[in-house]
Amino acid sequence: KKVFLQKISAKKPAVRLEAVEKLANDPSVENARLLLEVAFKSKFKDVQDAARDALSRYKDDEQVCEYLVDLIEQQVASAAKAKAKGSEKSRPADKSKKNDIDLNVVAAPVLLTLLSSESEDIADKALGVMEKAAAGSDDGVALVAVVADELGAVGDETSVTVLTRLAGWKAV
């Protein structure tokens, strides 16, 4: 972890990208957490883009996907609680209580990863979370729109498959 943190802040882009690539090739909950906590918050756009790609490679790792589902479910539950309490701000806190992950930054890439999973169970869980988010607040509806836009921008076979699946979803 220490080496990763040093390399991710390096001045040379090649060193930064090498650090993210090492994580991309070794799917684990700890590496996913590092990507979400550090790489997505990097001031370097190349690191953020590489982190997005690295996270997408984790789409078929069951443990990582379960961790990601749990993370997003926490965000949606937090927003629902705030709305139920009558708070004007139904948006969840920017940080997860478990770690230093800015869920407002990573929610769309996390959902894209989950929706792209070969596992129907994981993809269904992601759709369920999106449905709860859309029903819970305007921010949830916006999140669904961002996910659909990002899928459209990618335009690969997986994205088209997921968009087709979303098109049949009642919340869309």
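Residues numbered from 1 in each chain as written. Predicted model: local features only at pLDDT ≥ 70, side-chain atom pairs only at ≥ 80, totals over all residues. Heavy atoms only, no water.

(A) Structural detail: the overall build of the chain. For the chain, the helix and strand inventory stands at 9 helices and 0 strands. Each helix and strand of the chain, ordered N terminal to C terminal, gives the series α-α-α-α-α-α-α-α-α. In the chain, buried positions account for 42% of the 172 residues. Within the chain, contacts between residues separated by at least 24 positions form 64% of all contacts whose residues are at least 6 apart in sequence. Total accessible area computed for the chain in this model is approximately 9,300 Å², and 53% of it derives from carbon and sulfur atoms. (Helix = DSSP H or I, 4+ residues; strand = E, 2+ residues; numbered from the N terminus. Buried < 20%, exposed > 50% of the residue type's maximum accessible area, 1.4 Å probe, protein only. Contact = heavy atoms within 4.5 Å. Areas by Shrake-Rupley, 256 points an atom, 1.4 Å probe, with all protein chains shown as cover.)

(B) Seen up close, the side chain of T113. Summarising the element assignment, T113 is placed in helix α6 (residues 103–115). Excluding residues that lie within four positions of it along the chain, T113 makes contacts with L55, S56, Y58, K59 and L68.

(C) A look at the environment of C65. Locating C65 in the fold gives a position in helix α5 (residues 62–84). Owing to a relative accessible area of 1%, C65 belongs among the buried residues under this scheme. For the pair C65 and V110, spaced 45 residues apart in sequence, the C-alpha to C-alpha distance is 8.9 Å. Sequence-distant contacts of C65, defined by excluding residues within four places in its chain, comprise Y58, K59, D60, L114 and I122.

(D) Fine view of the packing of helix α8 (residues 138–154) against helix α9 (residues 157–167). The interhelical angle for the contact between α8 and α9, taken along N-to-C directions, is 145 degrees, at an axis separation of 8 Å. Helix-helix and strand crossings are classified by hand; for α8 and α9 the assignment is left-handed. Of the residues in α9, those touching α8 at A148, L151, G152 and V154 are S159, V162, L163 and L166. Among the residues forming the contact of α8 with α9, the class breakdown is 6 nonpolar, 2 polar and no charged. (Axes fitted to C-alpha atoms, helices over the stretch in contact; angles between N-to-C directions. Left-handed = near helix turned anticlockwise from the far one by under 90°. Nonpolar A, V, L, I, M, F, W, Y, C, P; charged D, E, K, R; others polar.)

(E) Structural context of α9. Of the residues making up α9, those classed as buried are S159, V162 and L166. Along the axis of α9, the buried residues cluster in a sector spanning 65 degrees; they form a single face. Those residues of α9 that are exposed and aimed more than 90 degrees away from the buried face are E157, T164 and A167. (Arc of directions from axis to C-beta.)

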